[in-house]
Every structure is written in structure tokens, then in C-alpha cells.
Amino acid sequence: MAKRNVDLITEAFAGVMSNRRKYVLNKPDGSVLKELYFPPLTRHDRIQAQQLAGTEEGLTISTRLLCQLAENEDGSKAFASADAENLKRFVPETVLNDLELFMMDIKVDVDSAKKE
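Since the structure is predicted, the reported quantities are computational estimates derived from the model, not experimental observations.

(A) Region of the structure containing the overall build of the chain. From N to C terminus, the chain includes seven helices and two strands. Starting at the N terminus and ending at the C terminus, the chain contains elements arranged as α-α-β-β-α-α-α-α-α. Expressed along its principal axes, the backbone C-alpha trace of the chain runs to roughly 60 × 40 × 30 Å. When burial is assessed residue by residue, the chain has 24% of its 116 residues classed as buried. Nonlocal contacts in the chain, meaning residues at least 24 apart in sequence, comprise 44% of its contacts between residues at least 6 apart. A total accessible area of about 8,300 Å² is found for the chain, and carbon and sulfur atoms account for 55% of it. In the chain, 16 positive and 19 negative side-chain charges are present, and the distance between their average locations comes to 2 Å.

(B) Fine view of the side chain of T60. One can find T60 in helix α4 (residues 58-69). Classification of T60 as buried rests on a relative accessible area of 18%. Ignoring any residue separated from it by four or fewer positions in sequence, one finds T60 in contact with A53, T55 and K88.

Criteria and cut-off values
- Residues numbered from 1 in each chain as written.
- Predicted model: local features only at pLDDT ≥ 70, side-chain atom pairs only at ≥ 80, totals over all residues.
- Heavy atoms only, no water.
- Helix = DSSP H or I, 4+ residues; strand = E, 2+ residues; numbered from the N terminus.
- Buried < 20%, exposed > 50% of the residue type's maximum accessible area, 1.4 Å probe, protein only.
- Contact = heavy atoms within 4.5 Å.
- Areas by Shrake-Rupley, 256 points an atom, 1.4 Å probe, with all protein chains shown as cover.
- Lys, Arg positive; Asp, Glu negative; His and termini not counted.
- Charge placed at Lys NZ, Arg CZ, Asp CG, Glu CD.

And the structure:
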């Protein structure tokens, strides 16, 4: 019996889904503060974060995603869901932007963006 398309697709990407990417967060002086690890972002993750955030507002959702997905080296969660508020209030926006863009695997050419 032929496999269903959904099975073919999910099996083909199973190895990718277990790959985590490492983000090195530095202190303002440039020294290493913490290494965070991120699994691939899924549509399910986005929907779950949006439901927890209770809003359609992108920045709120992305910070919820950060708390939901960021892991320590051993695979444990780096943040609790409640940490989103403290991150939004007490961490510079540029730091959160860098973390969240990395988490979503978005590459931004800052110089090009400034020209637009």
C-alpha cells in the first residue's frame, strides 16, 4: 500500500525537526552571557503562542514564542511563559529583536532595510 502524502512529508522532515540551532547571547561588554538553543519553528508553535498571547499583535506573539521555544543546552526550557512580560519590560528591544529573528530563522540585511 502506498504511503499517504502527509506521511511522506513528515517522515522526510523528521531529521530536520530534531536539529537545534545555537544562539550565543552576549552581555553588553561582549562576553558570553548564555547559550540558547532553538528547535525549528512550526505552524503549531505559532498558533499555540498566539492563543496564549490572546492577541494578533506580532511583537507579543514573538516574545511568547521565544519563551515557548528557547531551550538550555540540556533541552530544558530556558524561560517560563510568565517570563515574557519581564523580557518585554526589562530587556532592550534590539536584544529581543535579534533573539526572535534568529528563532524564526529570518535573516535581515540591516543596511538594506534602512535604505527602504
